[in-house]
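Chain and residue survey
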Amino acid sequence: MNLFRSATRIVLSFALLAAATCAASGGEVGVGADTILFGQTAAFAGPSALLGQRMRQGIVAAFTEINATGGIHGRKLQLISRDDGYDPDRSVAQTLRLIEDDKVFALIGGVGTPTAMATIPITRARNIPFIAPFTGAEFLRDLKLPNVVNIRASYGAEAEAWIKHLTEDRKFTRIGIFYQDDSFGRDGLAGVKNALARRGLELAAEGTFERNTRAVGAAWRVIKRAEPEAIVMVGTYGPCAEFIKLAHRSGLSPTFVNISFVGATALAKELGPEGEGVIVSQVVPFPWDRSLKLVADYQAAQKVLDPALTPDFVSLEGYLAGRFVAAVLRHLGPNPTRAELMRIINDVGRFDISGTVITVGSRAIDTPPKVFLTVIQKDGTFKAVDRL
């Protein structure tokens with residue numbers, strides 16, 4: 001308890017120091033004469049690295065596009081990204097570095113539920129905007145968290161889409177779940193149980209694995225005994241691919257359905273031909289559909305950043321996050337503040353990004369972000385699920 005109180009005093013002292021520095025300089029923290037600085041914590045190494053790398057690519061592509069036209073009210077947008085290894089303790093340390101050492105204006109594109117759960121108290125205590133986290137966790141959708149801005153659908157909405165498809169389109173009744181044994185996995189588990197309960201059904205089996213590992217054998221042995229017709233999966237691409245391959249080696253072929261956080265293209269690459277028929281829910285538009293202006297702009301921005309980059313659901317979400325924050329900043333005028341940023345987001349609530357409308361805050365209750373299902377083809381490409 002004394003250690004906790006000491007840590008709290010240190011956090012509050014840093015907050016007072018930051019506020020005093022801001023007041024003395026006459027401007028907002030992170031806003032310079034010609035730049036606005038944003039911070040990101042995510043996994044850039046380890047078994048979930050592609051999620052952080054691609055989220056960053058999308059944000060940087062958006063910022064580069066915006067900066068090429070003069071930035072926002074004469075200021076260029078910059079991103080500092082720090083590696084937290086998808087570990088809550090490291091995420092806390094890196095978040096404090098971004099706030100205290102780098103003095104960022106806001107956080108954007110953080111990756112993960114357990115990491116968000118650990119860092120939200122820090123950002124909330126200091127009223128620092130926490131924008132477009134790459135997670136559908138329900139706790140982040142609490143309107144009592146005024147500094148959090150979600151642009152993606154919740155995991156509960158994804159679970160509803162899975163169960164609706166499996167029970168109504170496929171007529172399945174025996175459904176198991178494979179999930180990461182932490183706040184992320186349990187959030188997905190709750191969504192699936194609720195969706196099944198609305199249909200008078202229960203899970204046929206549950207199996208778990210530890211975050212940042214591929215130790216999935218015990219989970220498969222538990223789940224296979226129930227002989228499920230379908231298995232929904234709440235994890236990242238590495239362990240989920242390992243689980244699917246293990247199932248195929250055993251001779252069983254249930255329908256596999258993955259959460260958007262899995263990293264769809266990374267999963268397809270890991271699985272190779274074994275990915276055929278695997279379903280992945282998505283919360284952003286199809287990143288290959290150039291008939292959408294948003295997607296055409298995204299692909300063009302990626303080519304400018306690096307001609308070798310290919311379209312991907314995660315980097316498109318990052319691009320949306322970057323374009324979203326730029327749209328909000330345009331409303332603020334030449335002297336942006338954190339408080340005004342959040343006021344504009346909550347007051348406006350709807351932002352048009354190249355013809356795609358993003359609803360946030362209380363507006364998202366009436367017009368929630370969309371979820372759709374895709375299925376991996378034998379060659380690793382994706383197509384939309386025909387029925388839902």
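Residues numbered from 1 in each chain as written. Predicted model: local features only at pLDDT ≥ 70, side-chain atom pairs only at ≥ 80, totals over all residues. Heavy atoms only, no water.

The chain has the name ABC transporter substrate-binding protein in an unreviewed UniProt entry, where Bradyrhizobium manausense is given as its organism. Under the UniProt heading Sequence similarities (unreviewed entry), the entry covering the chain gives this text: "Belongs to the leucine-binding protein family." (UniProt positions renumbered as here; feature names shortened; annotations may be inferred.)

Inspection of the entire model under this criterion finds 20 salt bridges. A salt bridge links arginine 198 to glutamate 160; the shortest N-O distance between them is 2.8 Å. Taken together, the positions of arginine 198 in the loop between helix H6 (183-197) and strand E7 (205-209) and glutamate 160 in helix H5 (residues 155-169) put the pair 38 residues apart, joining distant regions of the chain. Residues joined by salt bridges that share partners form a network here, namely Glu160, Lys164, Glu168, Arg198 and Arg199. (Salt bridge = Lys/Arg side-chain N within 4 Å of Asp/Glu carboxyl O. Helix = DSSP H or I, 4+ residues; strand = E, 2+ residues; numbered from the N terminus.)

One open sheet accounts for five strands, arranged E2-E1-E3-E4-E5; its pairing is parallel. Both outer strands of the open sheet, strand E2 (76-83) and strand E5 (148-149), are each paired with one neighbouring strand and no more. Summarising the sheet, strand E4 (residues 130-131) and E5 pair through two bridges and their orientation is parallel. Counterpart to phenylalanine 130 in the pairing with E5 is valine 148. The strands touched by helix H2 (residues 49-68) are strand E1 (35-42), E2 and strand E3 (106-108); relative to E2, the strand with the most contacts, the crossing angle is about 165°. (Pairing = 2+ DSSP bridges. Contact = heavy atoms within 4.5 Å. Axes fitted to C-alpha atoms, helices over the stretch in contact; angles between N-to-C directions.)

To continue, consider the domain arrangement of the chain. Considered domain by domain, the chain is made up of domain 1 (35-153 + 288-354) and domain 2 (155-282 + 372-384). One C-alpha centre belongs to domain 1, the other to domain 2, and the line joining them spans 27 Å. With 27 residues of domain 1 in contact, the opposing surface of domain 2 contributes 24 residues. Between domain 1 and domain 2 lies a buried interface of about 1900 Å² when both sides are counted; carbon and sulfur atoms form 58% of it. Sorting the residues of domain 1 by area buried against domain 2 places Pro47, Tyr86 and Phe313 first, and these three jointly supply 32% of that buried surface. Note that glutamate 158 is salt-bridged to arginine 152, the shortest N-O span being 3.6 Å. Remark: the boundary between domain 1 and domain 2 carries 12 residue pairs in polar contact (both at pLDDT 80 or more). (Domains from an automatic or database assignment. Buried area = accessible area lost by both parts, 1.4 Å probe. Polar contact = N/O pair within 3.5 Å; in protein donor to acceptor, adjacent residues only side chain to side chain.)

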